[in-house]
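# Summary of the model geometry
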Amino acid sequence: MKAFSGFTMSLLLFLAFVLFYSASAIPGQVTQAVFNDVYYDASAPTQCLAEPGITMYGGGIIVNPEFSYGTYGWTVSGQGEIAERVSPTNNGFMVAYNRKLPLDSFSQKVLLEKGKFYMFSAWVQVSEGSETVSAVFGTGGGEFTPGGSVVAEHGCWSLLKGGITTNSSGLVDVLFESKNSSKEIWVDNVALQPFSKKQWQFHQDKIIEKVRKSKVRLHVTYPYSKAGVGGATVLIKQTKPGFAFGCGMNSHILKSTDYQNWFASRFRFTAFTNEMKWYSTEKKQGQVNYTIADAMLKFSQDNKISIRGHTIFWDDPKYQSDWVRTLSPEELREAAERRINSVVSRYAGKVIAWDVVNENLHFSFLEDNLGKNASSIYFSKAYKLDPSARMFVNEFNTIEFGGDVKVSPWNLKKRLEGMLSYPGNEDIPAGIGVQGHFGPGQPNLAYMRSTLDILATTGAPIWLTEVSVEPGPNQAQYLEEVLREAYSHPAVEGIIIFAGPLPAGFSATALTDMNFDSTPAGDVVDKLIKEWKSEDLKAQTDDAGFFGTSLLHGEYEITVIDPITNSSSTSRIEVTKDSSEKIFHLQTE
């Protein structure tokens, strides 16, 4: 922000105090005026800029967010010192220097209200090189809640975007963290914007109407003329939802008709929880067995269930078969070549996507043994073997937990872009898988939304690939909140929950009891399946033979009944994001 002279700053501070106390004379009035119609800012600039970007929401509840009044409103956090500095372009910003510990920076106390969602943003850089800088919220007693991070650089400003969702009211400290205390933290244009639950849901509903639905027009004519058929009855039935909402499946389904009936009556998308993994299909070296995976594939195909291929490789050394761990690098290279050729060739054209190298930010088994480009090479090989499928990276903790900086959205974005920049990989259709394994506590939906905003800048479709919520008193509520947040984000194209019937071993997020009666979590899933599918609709055309409505994306069966002869004809259409205002032409018998 522009720096001011001492006299000007004093005048501005005086005016700010006058405005503050005037507003305080009518408690809540200014807050009401400011926040009643706050619109969520989904922007997430990913470039490192010569000058800091805008202050989102005007700073929200942060005092002196642009440091126009020096250090006013901010105090030293921990050891070290703070000061305002001015750039050659006359931009004032805050600096934490002479730091001794990671949390040595500057902070501001803010009052958070229970049940609200707080979006955080700031523009940051460091005094030299590059370093991860995090936003944290100190809740007292030495406890800190992470609110997001970014790899900041020297010489340009990076956006740190995140947030916090509160389950209690109270004062917290907003501060910054960098593990390398030898580097200064530079910050400008800080914002913390609260949203009520009503405002949060308003944004969700707005996006659903815009992204998940399209306004369409049906025009009914006679087969022997172009004249419209007025008063024709139109019956609209959705046969397949356009949004991919599915469930993980395990081998228990092969021996339980109850499990089969439960699954097939609900889901049209799946991923096998373990049965396609290397340690399942080649337990002993050279003895490859796809019997179980093949049987699960047949069940899925027979019931028109699309499959995500999960997973070709897993970079976690803990989940390698014993015989794989004993191989030399050259032996591993040969075994991995046989593995990818075998599994991808076998299921090519039969799956819609592949998780190519699972969790390759957290772990690096292949890279450690075969070189730093191992994941990129297998990305390329998988695509050449199955060009009809989309190739995914797949990680945990990216949307669940802001404190796992290794898999921050910025790092996952960078990982995917690095793999696609490998020679020959530029045109591979890629996707981002974020697993979504949430603990028993309240999910941080503010952080989750900001993370999805950042990942969306890649242009790659995002799937939540393994959603689960650990048991707790509010498990069903939290599961619903996570699923609704994902469904309402425009970049999310699919959700697979790693949950299911208790008799099949899904004890963490059980959707049924031992008798296949729904649990509260199962009731949530059933409710959303119904909600995310258009209800059957009966209507009549106008005098010109037209009928217009808004439909959720998906496949539909349209039956037209002639008003005179009572004869009927049935057509099938698909409503997509490109169908907005499209006219579908239908004919009577």
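The rules behind each value
For every chain, the first residue of its written sequence is number 1, and the numbers climb from 1 along that sequence. In keeping with the model being predicted, local features are shown solely for residues with a pLDDT of at least 70 and side-chain atom pairs are shown and tallied solely at 80 or more, while totals for entire chains, interfaces and linings include all residues. To get the side-chain values, all heavy atoms of the structure are used, and hydrogens and water are removed first. Cavities and pockets are found on a 1 Å grid laid over the protein atoms alone: a cavity is a set of points where a 1.4 Å probe fits but cannot escape, a pocket is an open set with protein on both sides within 12 Å along at least five of seven lines, and a lining residue has an atom within 4 Å of such a point. Grid points are joined across faces, edges and corners, and a volume is the space filled by probe spheres set on the points. Under the scheme used here, helices are H or I runs from DSSP no shorter than 4 residues and strands are E runs no shorter than 2 residues, and both carry numbers assigned from the N terminus. Residue polarity follows a fixed list, in which Ala, Val, Leu, Ile, Met, Phe, Trp, Tyr, Cys and Pro are nonpolar, Asp, Glu, Lys and Arg are charged, and the others, Gly among them, are polar. For two strands to be treated as a pair, DSSP must find no fewer than two bridges joining them. Where helices are involved, their axes are fitted lines through C-alpha atoms of the stretch in contact, as for all axes, and angles between N-to-C directions lie from 0 to 180°. Two residues form a contact once any of their heavy atoms are found within 4.5 Å. Note that the term roughly parallel is reserved for angles under 35 degrees, roughly antiparallel for angles over 145, roughly perpendicular for angles of 65 to 115, and oblique for everything else. For a crossing to be left-handed, the near helix must be turned anticlockwise from the far one by less than a right angle; the clockwise case is right-handed. Only buried residues count toward a nonpolar core, which is a set of Ala, Val, Leu, Ile, Met, Phe, Trp, Tyr and Cys residues joined through side-chain atoms within 4.5 Å. The rule is simple: take the accessible area with a 1.4 Å probe, protein chains only, and divide by the maximum for that residue type; under 20% is buried, over 50% is exposed, in between is partly exposed. Salt bridge, as used here, is a side-chain nitrogen of Lys or Arg placed within 4 Å of a carboxyl oxygen of Asp or Glu. Any pair of cysteine sulfurs within 2.5 Å is marked as a disulfide.

The next thing to look at is empty space enclosed by the protein. Taken as a whole, this structure holds one cavity of 30 Å³ or more when the rule is applied. Computed from the structure, the largest cavity encloses a volume of approximately 50 Å³. If you trace the largest cavity, you find it lined by K277, W278, Y279, T311, I312, F313, W314, Y319 and Q320. Those elements that provide at least two residues to the lining of the largest cavity are α5 (278–281) and β15 (306–314). The element contributing the most residues to the lining of the largest cavity is β15, with four residues. For the lining of the largest cavity, the residue count by class is six nonpolar, two polar and one charged.

Let's shift gears to the sheet that holds strand β10 (residues 185–195). Here five strands make up an open sheet; going across it, the order is β2-β3-β10-β5-β8 and the pairing antiparallel. The sheet is open, and its two borders are formed by β2 (81–86) and β8 (158–165), each paired with just one other strand. The mean angle between the axes of side-by-side strands here comes to 35°, regardless of whether they run parallel or antiparallel. Across six bridges, β2 lies against strand β3 (residues 92–97) in antiparallel orientation. Paired with R85 across the two strands is F93, which belongs to β3. Relative to β10, helix α3 (residues 197–212) is tilted by about 95°, and along the sheet it contacts β5 (117–126) and β10.

Two numbers describe how helix α11 (residues 409–420) lies on helix α12 (residues 445–456): the axes approach to 9 Å, and their chain directions differ by 25°. Judged on the interaxial angle alone, α12 and α11 are roughly parallel. Read as a crossing pair, α11 and α12 show a hand that is right-handed. Residue-level contacts link P409, W410, L412 and K413 of α11 to Y447, T451, I454 and L455 of α12. For the contact of α11 with α12, the class distribution of residues is six nonpolar, one polar and one charged.

It is worth spelling out the nonpolar core at this point. If you look at the biggest cluster of nonpolar residues, it comprises 114 residues, and the most contacted ones within it are W354, Y378, L464, I495 and I497. Not counting chain neighbours up to four residues away, the residues in contact with Y378 comprise F313, R333, A336, I340, V356, V357, L366 and L370. Listed in part, the 31 residues of the second largest apolar core include A96, V124, V172 and I185.

Read across the sheet, three strands follow the order β25-β11-β28 without closing on themselves; strand pairing throughout is mixed. In this open sheet, the two edge strands, each paired with only one partner strand, are β25 (546–552) and β28 (582–587). Going from strand to strand, the sheet's axes swing by 30° on average, the running direction of each strand aside. Summarising the sheet, strand β11 (residues 213–221) and β28 pair through six bridges and their orientation is parallel. Bridge pairing links L218 to F584 in β28.

Moving on: the pattern of salt bridges. Using the criterion set out here, one finds 22 salt bridges in the structure. What you see here is one network of salt bridges that share partners, running through E480, R484, K527 and E531.

This model, assessed by the stated rule, comprises one disulfide. Shown here is the disulfide that connects C48 with C156, its sulfur atoms set 1.9 Å apart. Torsion about the S-S bond of the C48 and C156 cystine: about 95°, corresponding to right-handed handedness. Here C48, found in the loop between α2 (29–35) and β1 (75–77), pairs with C156, found in the loop between β7 (143–153) and β8; they are 108 residues apart in sequence, far enough to count as distant.

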